[in-house]
Amino acid sequence: MTTPEDLRATALSSLTAGGFSDVTTTADEAFVIATVPASRSSWADFALASHTTLRLADNADRARYAIFPTPDDATSYHRTVHFRATGPGLAQQDSGQVLCHTVRIVPGLTTEADIPRALATALFNDSSRAGDISVTRLA
């Protein structure tokens, strides 16, 4: 598996090649967090297209991305996700709250990029409502 520092370097290289000079990257033991100015998030989406990414909620006018390595094998694993949800069908007690859910990743079938669809399915029974999910943090 790619080390977090190697993943950080390739993500930084992709963003730098995409014209970003104001990039921050932080390597975690399981993924990398990259931030860019929120006003240029569509460019960052393009620059990071070759990576498995999950867009996180913006923070302080910075677009945030979690970038993940490709798994070495097909063994499934889980990610704990903190998120907010909006829209019709959301339980009143969940409105405005940061929720937490564990999502199973099955390499070759799903990736971390599928997390919003999985959460929308679990919460609303409708994967097309992924846009109503805003991931705030991964644990």
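It should be noted that the structure appears before, not after, this text.
Residues numbered from 1 in each chain as written. Predicted model: local features only at pLDDT ≥ 70, side-chain atom pairs only at ≥ 80, totals over all residues. Heavy atoms only, no water.

Chemist: Please give an account of unusual backbone geometry that cites residues and values.
Modeler: Located in the positive-phi region is Ala60, a residue other than glycine, with phi close to 55 degrees. The residue Ala60 is located in the loop between strand E3 (52-59) and strand E4 (62-68) in this model. At Asn125, a position not held by glycine, the phi torsion is positive, near 60 degrees. In this fold, Asn125 is placed in the loop between helix H3 (115-124) and strand E7 (133-138). (Helix = DSSP H or I, 4+ residues; strand = E, 2+ residues; numbered from the N terminus.)

Chemist: Break down the pattern of salt bridges for me, with residues and values.
Modeler: Counted by the stated rule, this structure contains six salt bridges. For Arg117, the salt bridge identified is with Asp114, shortest N-O distance 2.3 Å. A relative accessible area of 43% means that Arg117 is categorised as partly exposed. Taking the relative accessible area as the measure of exposure, Asp114 reaches 17% and is therefore buried. (Salt bridge = Lys/Arg side-chain N within 4 Å of Asp/Glu carboxyl O. Buried < 20%, exposed > 50% of the residue type's maximum accessible area, 1.4 Å probe, protein only.)

Chemist: Explain the sheet that holds E3 to me, using residue names and the numbers behind them.
Modeler: Overall, antiparallel pairing links the four strands, which are arranged E1-E2-E4-E3 in an open sheet. Edge positions in the sheet fall to strand E1 (24-27) and E3, since each of these pairs with one other strand and no more. Looking at each pair of strands side by side, their axes are set apart by 20 degrees on average, direction ignored. (Pairing = 2+ DSSP bridges. Axes fitted to C-alpha atoms, helices over the stretch in contact; angles between N-to-C directions.)

Chemist: Now, about H3: what can you tell me, with residues and values included?
Modeler: Within the span of H3, buried status applies to Ile115, Pro116, Leu119, Ala120 and Phe124. Each buried residue of H3 lies within a common arc of 130 degrees when the element is viewed along its axis, so the set occupies one face. Where the residues of H3 are buried, they touch E3, strand E5 (77-85), strand E6 (99-105) and E7. Downstream of H3 by one or two residues, Asn125 has phi in the positive range, about 60 degrees. (Arc of directions from axis to C-beta. Contact = heavy atoms within 4.5 Å.)

Chemist: Provide a residue-level description of the sheet that holds E6, including the pertinent values.
Modeler: Here we have three strands laid out as an open sheet, ordered E6-E5-E7, and antiparallel in their pairing. Unpaired on one side and paired on the other, E6 and E7 mark the two borders of the sheet. For this sheet, the mean angle separating the axes of adjacent strands, direction not counted, is 45 degrees. Relative to E7, E5 is paired through five bridges, and the arrangement is antiparallel. Paired with Ala85 across the strands is Ile133, a residue of E7.

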